[in-house]
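Survey of secondary and tertiary structure
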Amino acid sequence: MNSGVMTRTLKARIDWAGRPMDIEYQWLGEDKVAAPLLIFLHEGLGSLSMWREFPEALCRALDCRGLVYSRPGYGDSTPRAADEVWGPDFMHRQAHEVLPALLNALKVDVSANPPCLLGHSDGGSIALLYAARFPDCVAGAIVLAPHILVEELALSSIAKTRTAYLETDLPNRLSRHHTDPDSAFWGWNTIWLNPDFRSWSIDKELATIACPLLAVQGLNDEYGTLDQIRGIAKRVPHTELQELADCGHSPHRDQPAQLISRIQQFFNHHRLHSTRNFDKPQETT
């Protein structure tokens, strides 16, 4: 698999869903032991490598450390078992179980030194769920095109992606970023198109988010309307909204310079650059 990044990737072992799993991860700027930590949470078909150069560029601009990883079933992490079907709570489980297990394996003390989270699409929803469940363990959160409820627009686009996976070279393209593209694709696509998922919503869970929060969405997002980030602001009044013109579902790819500039403003305003006594990240092999 071609990672598309220069910094080496590592594996961490966690126990989840009744079995051991290897999680592909990467530290950025790990030598900056006193710098804030920014954790990147990828989209529904994403992985560590699909972020491309964005995490490194953002961490460099913010002068912070970064942690990028592939969730179970994605990238070079342990694939989804052939008989494993994700339920409507799959994002809750990633936020409440997988991410804490990974941080524990890497000995990241989120109680003493809360990190910032940056999540895209499903990863944005996971960031919101983590921040809501563990409000004292997050210094700030940036969510790009997050989902807080299911819209027909998203279901229509996801159905088209299913057709593309069956009829085009999409599996080959995804194989550049996933050891097992079927694991990544069908885990995500099957649950989103399951009728039981239509009623999924995290709207009411957002009220406990206490950290600074920036919600970003493109005006041309093919997977969600502005009701998503505006809905966040209704539940979390201190949310800062950024609506980007000429931008689809991936602000970090469509408008990277503008996005990095806006995140810098967010960090500066909330003093998220403040030096703290972070422990040097621990590696596992």
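Residues numbered from 1 in each chain as written. Predicted model: local features only at pLDDT ≥ 70, side-chain atom pairs only at ≥ 80, totals over all residues. Heavy atoms only, no water.

1. Focus on the pattern of salt bridges
Going through the model one piece at a time under the given rule, you end up with 11 salt bridges. The partner of E43 in a salt bridge is R253, with the nearest N and O atoms 3.1 Å apart. Linking E43 in the loop between strand 3 (37-41) and helix 1 (54-62) with R253 in helix 8 (residues 251-254), this pair joins segments that are 210 residues apart in sequence. For the salt bridge of E97 with R93, the shortest nitrogen-to-oxygen distance reads 3.0 Å. Of this pair, E97 and R93 are both found in helix 2 (residues 90-105), four residues apart, which corresponds to roughly one turn of the helix. Overall, the relative accessible area of 33% leaves E97 in the partly exposed class. The partly exposed category is assigned to R93, whose relative accessible area is 30%. (Salt bridge = Lys/Arg side-chain N within 4 Å of Asp/Glu carboxyl O. Helix = DSSP H or I, 4+ residues; strand = E, 2+ residues; numbered from the N terminus. Buried < 20%, exposed > 50% of the residue type's maximum accessible area, 1.4 Å probe, protein only.)

2. Notes on the packing of aromatic side chains
Applying the stated criterion to the full structure yields 15 aromatic pairs. Here the aromatic rings of W51 and F54 are separated by 6.3 Å at their centres, their planes lie at 20 degrees, and the arrangement is stacked. Of the two residues, W51 and F54, both sit in the buried class. With 6.4 Å between their ring centres and 65 degrees between their planes, F266 and F267 make a pair best called edge-to-face. F267 matches F266 in its accessibility class, with the two residues each being buried. Of the aromatic side chains, those joined through ring pairs into one cluster are Y74, W86, F90, W192, F197 and W200. Taking the ring centre of Y74 as reference, the NZ or CZ of R71 above it sits at 5.2 Å. (Phe/Tyr/Trp six-rings, centres within 6.5 Å; stacked < 30°, edge-to-face > 60°. Lys NZ or Arg CZ within 6 Å of the ring centre and 35° of its normal.)

3. Quick look at the sheet that holds strand 6 (residues 140-144)
With respect to topology, eight strands assemble into an open sheet ordered 1-2-4-3-5-6-7-8, the strand pairing being mixed. Of all strands in the sheet, those bounded by a partner on one side alone are strand 1 (10-16) and strand 8 (240-244). Averaged over all neighbouring strand pairs, the angle between strand axes comes to 20 degrees, with direction disregarded. In this sheet, strand 4 (residues 65-69) lies alongside strand 2 (residues 19-28) in antiparallel orientation, the contact comprising four bridges. Within strand 4, the residue paired with W27 across the bridge is L67. Against the sheet, helix 1 makes contact with strand 2, strand 3, strand 4 and strand 5 (116-120), and its axis sits at roughly 160 degrees relative to strand 3, the strand it touches most. The sheet strands contacting helix 9 (residues 256-269) are strand 5, strand 6, strand 7 (213-218) and strand 8, and the helix crosses strand 8 at an angle near 170 degrees. (Pairing = 2+ DSSP bridges. Axes fitted to C-alpha atoms, helices over the stretch in contact; angles between N-to-C directions. Contact = heavy atoms within 4.5 Å.)

4. Things to note about the nonpolar core
Formed by 65 residues in total, the largest nonpolar core has its most connected members in I39, L128, Y130, W192, I209 and I232. By residue number, the principal contributor to this core is helix 2, which donates eight residues. Dropping the residues within four chain positions of it, L128 is found in contact with V143, P146, I148, I202, L206, I209, L213 and I232. (Core = buried A, V, L, I, M, F, W, Y, C linked by side-chain atoms within 4.5 Å.)

5. Description of the confidence of the model for the chain
Counting all residues, the mean pLDDT for the chain is 93, and 93% of those residues have values of 70 or more. This model gives residues 1-6 a pLDDT under 50, and the stretch forms 14 contacts once residues within four places in sequence are excluded. (pLDDT = per-residue confidence, 0-100.)

6. Quick word on unusual backbone geometry
What is expected of a backbone is that most residues other than glycine have negative phi and most peptide bonds are trans. Within the chain, A17 stands out as a residue other than glycine whose phi angle is a positive 55 degrees. A positive phi angle, close to 50 degrees, is found at D246, a residue other than glycine. By the secondary structure assignment, D246 is in the loop between strand 8 and helix 8. The exposure class assigned to D246 is exposed, which follows from its relative accessible area of 63%.

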